[in-house]
Amino acid sequence: MASNEAKSRQTFEFVFLPRQETSTPVPTDLDPDPSDEKSTAVHYENIFPNFIVEHSPKQVDVNKDDEEKDLLLVLKSKLEDLYELPRPWENEGQRILNLLYEVDLKYTDQEIMFIGETIVECKFIEVCNRIWDFCHSTKDKEFNFLTCKAYQLMKSVLFSFSDKYPSLAKAAYQNKTLIERFMSEFDLPELSVDNLRDDNHIEAVECTMCVLLNMARNFHLIISLIRRDGGLNKILNYYQHEDLESIIDGIIAIDLRIAEEEKELRLAGGNHSGDDETKSEYGSEDANLIKKIKESIYLHAGENSLYVLFQLKGKKSPVIISIGELMVEHKFIDVCVRIWDFCHNTKNKEFMFLSCEAYRYMKSVLLVFSDKCPNLAKAAYENKIFIERCMSEFDSSKLSVNQLTNNKHIEALHVTLSILLNMLRHLHAVSYLIRCNGGLAKILKYYEHDNLLLKTSVIITVAHCINDEENDKILAGTDVIAFIAEQFKSILDHPLHQYSNLDTKFYTSAIELVIGLDKLAANENNKKTIVDLNVLPLLKRMLATLKSDQMRAASHCIWTLSFLPANKDNIREEPNLLEVVHHILSNSEVDSDTKRSCDGIIFNIEKAPQVLEEIERTTGKDNHIMISYQWNKQPTMLKLRDCLNINGFKTWVDVDKMQGSILEEMAHAVEDAGVIVIAMTEDYKKSNACRTEAEYAYKLKKPIIPLLLESGYNPDGWLGALLGTKLYVDLSNEYDCLGKFPDVIKMIQTQISKEQSLYKIPVSLTVINAPKTKTSDDQSQNAKPLKSWKSYDVKIWAEKNKMADIEILVSGFDGVGLLQLYQLLKRCPEIYYTALRNDYRLEWLQVFHLTEALETLNRS
């Protein structure tokens, strides 16, 4: 490969290493023949609408909105024709191949993936085999593989789609003969290393290698076909050609990585597992990948690292999360700020933010990882400068609403909004940074733009930031909600939404719209508006698709709508809606989040009213304090639980008690509680699960003690109405919250005294019930406080829990040591696990058993 690009990049103060990239070999002689009207009709500038008009089964009035739908339908029809053609290398076959080649030039990567599914479905690999066989065996010079236009187009199409659609590589592997044919080119005299001087011949070898590289990168088993009959050595013979070096390096790098993984698998098969826990958790491929990413991030290897991270977008969530943690550890957000500043200030056109590849990769990487990694959002919030940089885009003159006509510029803003939205989902505090200096107004300006995707992103982002009061001021009227409802319906009705199982932009947009409606439904007035706009039938359709992410979004939105009494009848009367919800609950393959939402719908519509009619207020069951909180405040609430337990109170916390149906357990917990402690935050108010708990407690007239867990938060909406003017304890300062726990205990004791006075009967809140079945040894052990345990008590406990092989427990360790070990687990889990593994040399299985036993001991 030429090195001009690498040399030019060396002037940049932040080291952008050139991506190991290959350019698409452009087929020769693609310009249309002026004498051929059909050829002219499919030329690049007007290929798509003209081709559709000419080839559609019916004459249609093509417009911009229908272009993509019609193109896909026509592509499928023409690919089916291509498969049926007896001679696909001749005129009609060339025209269809030319269409596919032009598709890659015009459409985005996401749309290419969508079209790629059609290519696989219509057996394009088999067509390629036929073209390859004919062009390599014919004596007709017009169709010889080195000169045939159809053959060149076929390879170029394979190159483009194998890069962006991994399933094409899988289809080639299953076919096998295509890879064999490509490898056989390296045995041809015309393409031998010694004779490789002609540019067309070099280009032919380069294109073949590029196709193999793409396929091997996207489907590693391809390497096994390349290796056959000394295939790698054949490829290495071409290493002396400068234009082929980087491609060969790429193929060899993949082969070496696969070889390492195969070695690891063989070792694992021989029970030589090593001590790298990452391998067992993620598998050897992902473990190796994480290791290399860690090295890459640590070295700040510039554009090359960004490109590698960008290519991970298809990996499963655990791997993405692990790599996201490495990004946080190595201050990736700081690197992003440096790239951002340079690309917004430089006068070098190559590195300006709207044209720089590294800048684009940086934002794309953040988009992928911010979706899955809550700690990345936390790091961005703590950095603060990064969010400021994101918001500054809405002040850029180059991206002003009036001048926003370039699709790349629109996409740049959409990606920025999507990054902010991902971070908002994980950490509501990000909204405080977005709102600075009139940030909401800056974002809302772009709602006036006519790009539907941008308008949608604007509304969904704003919906995550505003409170009830701002909702009525900023989003007054029903226009915004009506817009989202209309877009939601049009996407569900679009043929492409049902055409493919891929996550296309249509499919993703439907989910984003539902999430936006869900967030707007946090406002009570909006709940009624959304149902009045006839959105329930649309949500029911999403539920019925049985696609997990669609079901998850739709079920949660219906759950949110079901809290408004006026909506309950609409949900009951919507034909088959509750039947679909019950069916999902009975399906064992449905994910837990969807089931929880469906459980919440049934609880609000069917169970809660029935239970409230049957329950009479009694105090005989009021024997615990229930702590109700939103998950991101769990550490503080667990400390409060421990403090209450030490002071003799029996508590109920979800992490201790949850079994079976979460909402049924919650309902029983509320019914049996003497006092409900509520941890107030904005996230608590926005949580359907928390609202279910709090409103159920209110309807059962349970005493409620509010705690403030978020500085500056003033409860509004349903939470403000429920709590009224109740006094609260401020625990918002996490460094000082332990000192406030006595105030919480005092409020609980005051509430108990009030209840006893009111009902003239004792309340058993201060009694902790001992387990019902205990052996004599258990009883004698548990009669002692843990702090007074001697080493032999610990030894007996270790033996009963089948941990006699853990030397630390049977060599003088006492109760104080156990208690401190448990405190270390809760306060500093990283140090806890590191100490057990490195200092005490415990195997992972021993660590797991000890941890479970410690948790059980401190719960009893």
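Residues numbered from 1 in each chain as written. Predicted model: local features only at pLDDT ≥ 70, side-chain atom pairs only at ≥ 80, totals over all residues. Heavy atoms only, no water.

As annotated in an unreviewed UniProt entry, the chain carries the name TIR domain-containing protein and comes from Clavelina lepadiformis.

Colleague: Explain the overall build of the chain residue by residue, including any values.
Modeller: Within the chain, the secondary structure is distributed over 48 helices and five strands. A sequence separation of at least 24 residues applies to 72% of the contacts in the chain between residues at least 6 apart. (Helix = DSSP H or I, 4+ residues; strand = E, 2+ residues; numbered from the N terminus. Contact = heavy atoms within 4.5 Å.)

Colleague: Any chance you could break down the pairing of strand E1 (residues 624-628) for me, citing the residues and the numbers?
Modeller: The element E1 is extensively covered by neighbouring structure, given that five of its five residues are classed as buried. Side-chain alternation along E1 places His624, Met626 and Ser628 on one buried face and Ile625 and Ile627 on a second face that is also buried. One ladder, built from five bridges, connects E1 with strand E3 (residues 673-680); its direction is parallel. Along E3, the bridge assignment pairs histidine 624 with alanine 673. Note that the unit made of E1, helix H37 (residues 634-646) and strand E2 (residues 651-652) has a crossover that is right-handed. (Buried < 20%, exposed > 50% of the residue type's maximum accessible area, 1.4 Å probe, protein only. Pairing = 2+ DSSP bridges. Right-handed = clockwise from strand over helix to strand, strands pointing away.)

Colleague: An account of the environment of lysine 701 is needed here, citing residue identities and associated values.
Modeller: If you trace the backbone, lysine 701 turns up in the loop between helix H41 (688-699) and strand E4 (704-708). Considered as a pair, lysine 701 and glutamate 671 are 30 residues apart in the sequence and their alpha carbons are 9.9 Å apart.

Colleague: Summarise helix H35 (residues 577-585); cite the residues concerned and give the values.
Modeller: Buried within H35 are the following residues: Leu577, Leu578, Val580, Val581 and Ile584. Mapping the buried residues of H35 onto a view down its axis gives an arc of 155 degrees, with all of them on the same face. (Arc of directions from axis to C-beta.)

Colleague: Can you explain the pattern of salt bridges? Please cite residues and give values.
Modeller: In this structure the tally under the stated criterion is 24 salt bridges. We note a salt bridge from glutamate 524 to arginine 691, for which the minimum N-O separation is 3.0 Å. In this pair, glutamate 524 is assigned in helix H31 (residues 524-532) and arginine 691 in helix H41, connecting sequence segments 167 residues apart. We classify glutamate 524 as partly exposed; its relative accessible area is 23%. The class for arginine 691 is buried, based on a relative accessible area of 5%. (Salt bridge = Lys/Arg side-chain N within 4 Å of Asp/Glu carboxyl O.)

Colleague: Break down the packing of aromatic side chains for me, with residues and values.
Modeller: Aromatic ring pairs are reported here in terms of the distance separating the ring centres and the angle at which the planes meet. For the coordinates displayed, the defined rule picks out 14 aromatic pairs. Ring centres of phenylalanine 145 and tyrosine 151 lie 6.0 Å apart, and the angle between their planes is 75 degrees; this geometry places the pair in the edge-to-face category. Comparing phenylalanine 145 with tyrosine 151 shows no difference in burial state: the two are buried. A ring pair is formed by tryptophan 559 and phenylalanine 563, whose centres lie 6.3 Å apart and whose planes are at 25 degrees; its orientation type is stacked. Neither residue differs from the other here; tryptophan 559 and phenylalanine 563 are each classed as buried. Every member of this aromatic cluster is reached through a ring pair, and the members are Trp340, Phe353, Tyr359 and Phe386. (Phe/Tyr/Trp six-rings, centres within 6.5 Å; stacked < 30°, edge-to-face > 60°.)

Colleague: Please set out the nonpolar core residue by residue, giving values where relevant.
Modeller: Among the nonpolar cores identified, the biggest contains 129 residues, and Phe369, Phe386, Ile387, Phe488 and Leu539 are the most heavily contacted of them. The leading source of residues in this core is helix H19 (residues 332-345), at nine residues. Each residue touching phenylalanine 488, except ones within four places of it in the same chain, is listed here: Ala510, Leu513, Val514, Leu517, Val535, Leu538, Leu539 and Met542. Counting 72 residues, the second largest nonpolar core, distinct from the first, contains Leu97, Tyr165, Val205 and Ile222. (Core = buried A, V, L, I, M, F, W, Y, C linked by side-chain atoms within 4.5 Å.)

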